[in-house]
Amino acid sequence: MHPLQTLWDDVRELSLGTTAEISRLPSPPSPLNFLRDFVSANKPCLISSALRHWPALSNWSDDSYLIRSLSSHPSDDPSLVSLHLTPNGRADALAPHPTDCGSDSLCFASAHVERVPIGEALEMIGRSGEGFVAYAQQQNDCLRSEYSELAADCEEDIPWATEALGGCLPEAVNLWIGNQFSETSFHKDHYENLYAVVSGEKHFVLLPPTDVHRMYIRSYPAAHYSYSKEDRKFTLELDEPARDVPWCSVNPHPSLEVKDSEVSQFPMYFKGPKPFEVTVKAGEILYLPSMWFHHVRQSPDSQGRTIAINYWYDMQFDIK
């Protein structure tokens, strides 16, 4: 057996389990149990009945409430939110190189970002699929900045997680509003991540840090989309000055047309141990340990929308 295969199998047998499921808790754990069983073990878990007391679960399904709450600024200082636009819902992901037409030439493509009123953002998210995909998000502590008027509808931290992680509050709390058209490619974060779903569902594919070889991380030239509302067209341009981004090459859900090619290019992923998979429903929290690779798709609620908040806590090596 290949040494890497032995490593992947040993990690699962010793700590993570040999099925594709992660641990499910019926209610939030005590700080001690969370630290001992999951944080120290670097092991994800899904926590149910975690958000019942959040007003966000009922309030945020009402567009008029969101618009009213985020329009409380003086008229000369309207509240704007960051809206990410892509042609296909895949931002911070690999795309065909804009100038090199070789069949295997790819780049790392970032979204076109606009600052718009929340009403316009919600309207564009609802129109996703009409030549563009809109996703309201910004990974810069946006709940406590762009959406500060909504912060009272949820918690500033996850208390049992805060205590288990040393008592420090989250470094960032981010809000995500999208629908089924948005997808997040495989990547890892240098944070302990508590991912809370307010509406709709999030579908995660997970791999532990020991499976890094299966991600085929390679360097790709950075690029960005620009969108013209007049022409309703996207252009993809390389960043200036030029830079490379190391990124995961694997798409865990290839289309039938390219699946055989993907399996051939990335055999360690497709022929290795089955990844962990979990669906996070409204009212649940996923604990995603630092450095775990994750790919995310989502399903909307009856309003056609998926809303989530994630809490990023500083990664502490000494408690792993």
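Structure: above.
Keep in mind that this is a model prediction, so the values were computed, not measured.

Caption draft 1: The sheet that holds strand β12 (residues 201-207), seen in detail. Taken in spatial order, the 5 strands make up an open sheet running β4-β10-β18-β12-β16, and their pairing is mixed. Sheet topology places β4 (90-91) and β16 (276-281) at the edges, where each strand pairs with a single neighbour. As paired strands, strand β10 (residues 183-187) and strand β18 (residues 293-299) are joined by 2 bridges and run antiparallel to one another. By the bridge assignment, H187 is partnered in β18 with H294.

Caption draft 2: Spotlight on the sheet that holds strand β9 (residues 172-178). Spatially, the 9 strands line up as an open sheet ordered β1-β2-β17-β11-β19-β9-β8-β3-β7, and their pairing is mixed. Each having just a single partner strand, β1 (23-25) and β7 (112-117) make up the two edges of the open sheet. Across the sheet, the mean angle separating the axes of adjacent strands is 25 degrees when strand polarity is ignored. In terms of strand pairing, strand β11 (residues 191-199) meets strand β19 (residues 306-314) through 8 bridges, oriented antiparallel. When the bridges of β19 are listed, N193 appears paired with W312.

Caption draft 3: Layout of the pattern of salt bridges. Summed over the entire model, instances satisfying the criterion amount to 12 salt bridges. Note that K229 is salt-bridged to E114, the shortest N-O span being 3.3 Å. One end of the pair, K229, is in the loop between β13 (218-228) and β14 (233-238); the other, E114, is in strand β7, with 115 residues separating them in the sequence. Looking at E114, the relative accessible area reads 16%, which means it is buried.

Caption draft 4: The arrangement of unusual backbone geometry in detail. With omega at 0 degrees, the peptide bond leading from E240 into P241 counts as cis. Tracing the backbone shows P241 in the loop between β14 and β15 (244-247). In this structure, N42 is a non-glycine residue whose phi angle is positive, near 55 degrees. Inspection of the secondary structure assignment puts N42 in the loop between α2 (31-39) and β2 (45-47). For N42, a relative accessible area of 18% puts it in the buried group. Of note in the backbone geometry, S49 takes a positive phi value of approximately 50 degrees without being a glycine.

Caption draft 5: Region of the structure containing the layout of surface pockets. By volume, the largest pocket amounts to about 720 Å³. As for the largest pocket, its lining consists of 30 residues, and the residues nearest its centre are L94, L106, S249, N251 and E262. For the lining of the largest pocket, the elements supplying multiple residues, two or more each, are β5 (93-96), β10, β13 and α7 (259-265). Quantified by volume, the second largest pocket comes out at close to 380 Å³. Looking at the second largest pocket, it is lined by 28 residues, and the ones nearest its centre are Q137, Q139, W176, T184 and H187. Of the residues contributing to the lining of the second largest pocket, the split by class is 12 nonpolar, 12 polar and 4 charged.

Caption draft 6: Up close: the packing of aromatic side chains. Counted according to the given criterion, the structure contains 14 aromatic pairs. Look at F108 and W247: their rings are 4.7 Å apart centre to centre, the planes differ by 55 degrees, and that puts the pair in the tilted class. Linking F108 in strand β6 (residues 106-110) with W247 in strand β15, this pair joins segments that are 139 residues apart in sequence. Overall, F108 belongs to the buried group, its relative accessible area being 6%. The class of W247 is buried, set by a relative accessible area of 16%. A network of ring pairs unites the aromatic residues F132, Y225, Y227 and F234 as a single cluster.

Caption draft 7: Representation of α2 in the model. P31, F34, F38 and V39 are the residues of α2 that are buried. The arc that holds every buried residue of α2, seen down its axis, measures 75 degrees, which confines them to one face. Considering only its buried residues, α2 is in contact with β1, β2, α6 (159-164) and β17 (285-288).

Reading the values: rules and limits
Residues numbered from 1 in each chain as written. Predicted model: local features only at pLDDT ≥ 70, side-chain atom pairs only at ≥ 80, totals over all residues. Heavy atoms only, no water. Pairing = 2+ DSSP bridges. Helix = DSSP H or I, 4+ residues; strand = E, 2+ residues; numbered from the N terminus. Axes fitted to C-alpha atoms, helices over the stretch in contact; angles between N-to-C directions. Salt bridge = Lys/Arg side-chain N within 4 Å of Asp/Glu carboxyl O. Buried < 20%, exposed > 50% of the residue type's maximum accessible area, 1.4 Å probe, protein only. 1 Å grid on protein atoms, 1.4 Å probe; cavity = no way out; pocket = protein on both sides within 12 Å on 5 of 7 lines; lining within 4 Å. Points joined across faces, edges and corners; volume = space filled by probe spheres on them. Nonpolar A, V, L, I, M, F, W, Y, C, P; charged D, E, K, R; others polar. Phe/Tyr/Trp six-rings, centres within 6.5 Å; stacked < 30°, edge-to-face > 60°. Arc of directions from axis to C-beta. Contact = heavy atoms within 4.5 Å.

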